Amino acid sequence: MSIRKRYTGLIETYRDRLPVSESTRIISIGEGNTPLIQLQNIPRLIGKDVDIYVKFEGLNPTGSFKDRGMTMAVTKAVEEGSQAILCASTGNTSASAAAYAVRAGIKAFVLIPEGKIALGKLAQTLMYGAEIIQINGNFDVGMALVKQLADHAPVTIVNSINPYRLEGQKTAAFEIVDELGTAPDFHCLPVGNAGNISAYWKGYSEYARASENLKAVTDKRPVMCGYQAAGAAPFISGKMIDHPETIATAIRIGHPQSWDKAWNAQKESGGWFDAMTDEQILAAQKMLSQFEGIFCEPASATSLAGALQDIGAGKIPEGSSIVCTLTGNGLKDPDTAISQCKDTHPVTIDATLDAVKRAILDRM
Ligand code: F0G
C-alpha cells in the first residue's frame, strides 16, 4: 500500500510560482485543494448540454476563498517582521485574517460594518479572538479608513490591495487547469471588491504563458464572466456607487479596489459583467442546495445565477465547459438560509414510534 503525501497547503504545492524562498516560514492551515464538483442535476433540469463545474471554496479552513490569499499575505507579513495585520471586511476576509493571525502568533484588527455581516462570520471571528472594530459605515468606508491607518499604525493591510493576496488566490486557477487538463471555456465569479476575478485571470494567464516552455498543460484561457448583485453593481453602471445594497452582504461593495485589474480581465478575456437581482441570487443558492447537495452562501451563488442566465440566453453556448466559483460556505449565513425556508418549517410530533411512522409514511 502506498501512502499518499500529506497535503500541506497551497504555498507548498505551488511554491515555484509564488514569492517564497527556502527559508520562508509558511503560515498555513491546509487551505486550497478544494473540490471541483461537476453538476449533475441542474444541467438536466435546464435542458441544456453544458458541462458545469463548481469550485467549492467554501471548503477552505475558514470556509471561504479568502484563505488562499491570507496564507500568502500573512506568510509575507511575518517574513517582513510585522506584528499585526489589519483589514476592512464584509466578514470573510476578517474571519480568515483572524485565523491566520492566530496561526502566526500575531495580532489581527478587523473593521466590519455593524449589523451587516453574516452571523457565522461574526461567530468565527470572535472565536479566533481578533480585535473586532465595528463601524457605523459600510465596507467601502472601512476600506478607506484602513488605507489611511497604514500611515498611522505599525500594521500590515491584508485586504486584496496587498499584492500577496492575489498571488495566493491565483492558485485556484492552477488547480482547475491541473485537474481538467485544460482551462474551461467560461469562468464565472461573483464580483465585489474585484480581487478574486483579477487573481483568477492572473493565474490562468501565468499558466498559459508557462505552457510555452511545457511547464504547464495549456495555453488556453477562459472567457471571464463577472456577476454582481444588482444593488451593488459598479462594474455594470461603469462608475463607483456610494450606497450599495444587497442581501448578499459579502459583495455589498460600491467602490471596488481592483477596478482596473478586473476591467483588464474582462477585456483581455473577451468576457463581460452583469448584475443579478437578490431573487436570482437566492434562487441559485437554493437550487444548488436542493438539486446538488451543495450549500454555499448567497454571494457565492451569484456566479451560478449569472451562468444560468447567460446559458439560457445562449450567450454561453451549448457544448461549453463552465466553472463557477462558489466563494464561501452556506453555514456562514444561517439567517438568510432559514428565512428562505420559512415555508418548510420542520414538523413537531409526539416522540412515539406510531407518530414518527405516520409522519414518514405521510410524506413518502
Ligand atoms: N464571495 C464572497 C463569499 C466574498 O466574501 C467576497 C468578498 C466575494 C465573493 C467577492 O470577492 O471582493 O474578490 O470580488 N468578500 C470580501 C470580504 C470583501 O471582506 O470578505 P472579491
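If you're wondering where the values come from, they're calculated on a predicted model, not measured in any experiment.

Draft legend 1. Representation of the state of the cysteines. Summed over all chains, the structure comprises zero disulfides. Looking at the unpaired Cys296, the closest cysteine sulfur is the one in Cys324, lying at 10.0 Å. Overall, Cys296 belongs to the buried group, its relative accessible area being 0%.

Draft legend 2. Structural context of a nonpolar patch on the surface. On the surface, a cluster of nonpolar side chains totalling about 620 Å² of accessible area is made up of Val347, Ile349, Val356, Ile360, Leu361 and Met364. Its place among the elements puts Ile360 in helix H15 (residues 353–362).

Draft legend 3. Local environment of the site of the ligand. The environment of the ligand is made up of 21 residues, and the closest members are Ser89, Asn193, Ala194, Asn196 and Thr327. Between an oxygen atom of the ligand and a side-chain N or O atom of Asn92, the distance comes to 2.8 Å. Here a nitrogen atom of the ligand and a side-chain polar atom of Thr327 are 2.6 Å apart. When the free accessible area of the ligand is taken as 470 Å², the share hidden by the protein chains comes to 99%. More than half of the atoms belonging to the ligand lie within 2 Å of the grid points that define the largest cavity.

Draft legend 4. Region of the structure containing the layout of surface pockets. Space inside the largest pocket adds up to approximately 200 Å³. Ser160, Ile161, Asn162, Pro163, Leu166, Glu167, Ser198, Trp201, Lys202, Lys261 and Asn264 are the residues that line the largest pocket. Only helix H7 (163–169), helix H9 (195–210) and helix H11 (259–269) provide two or more residues apiece to the lining of the largest pocket. Looking at the lining of the largest pocket residue by residue, the class counts come to four nonpolar, four polar and three charged.

Reading the values: rules and limits
Residues numbered from 1 in each chain as written. Predicted model: local features only at pLDDT ≥ 70, side-chain atom pairs only at ≥ 80, totals over all residues. Heavy atoms only, no water. Disulfide = S-S within 2.5 Å. Buried < 20%, exposed > 50% of the residue type's maximum accessible area, 1.4 Å probe, protein only. Patch = residues over 30% accessible without salt bridge, like charges linked within 9 Å, V, L, I, M, F, W, Y side chains within 5 Å. Areas by Shrake-Rupley, 256 points an atom, 1.4 Å probe, with all protein chains shown as cover. Salt bridge = Lys/Arg side-chain N within 4 Å of Asp/Glu carboxyl O. Helix = DSSP H or I, 4+ residues; strand = E, 2+ residues; numbered from the N terminus. Near = heavy atom within 4 Å. Polar contact = N/O pair within 3.5 Å; in protein donor to acceptor, adjacent residues only side chain to side chain. 1 Å grid on protein atoms, 1.4 Å probe; cavity = no way out; pocket = protein on both sides within 12 Å on 5 of 7 lines; lining within 4 Å. Sits in = over half its atoms within 2 Å of the grid points. Points joined across faces, edges and corners; volume = space filled by probe spheres on them. Nonpolar A, V, L, I, M, F, W, Y, C, P; charged D, E, K, R; others polar.

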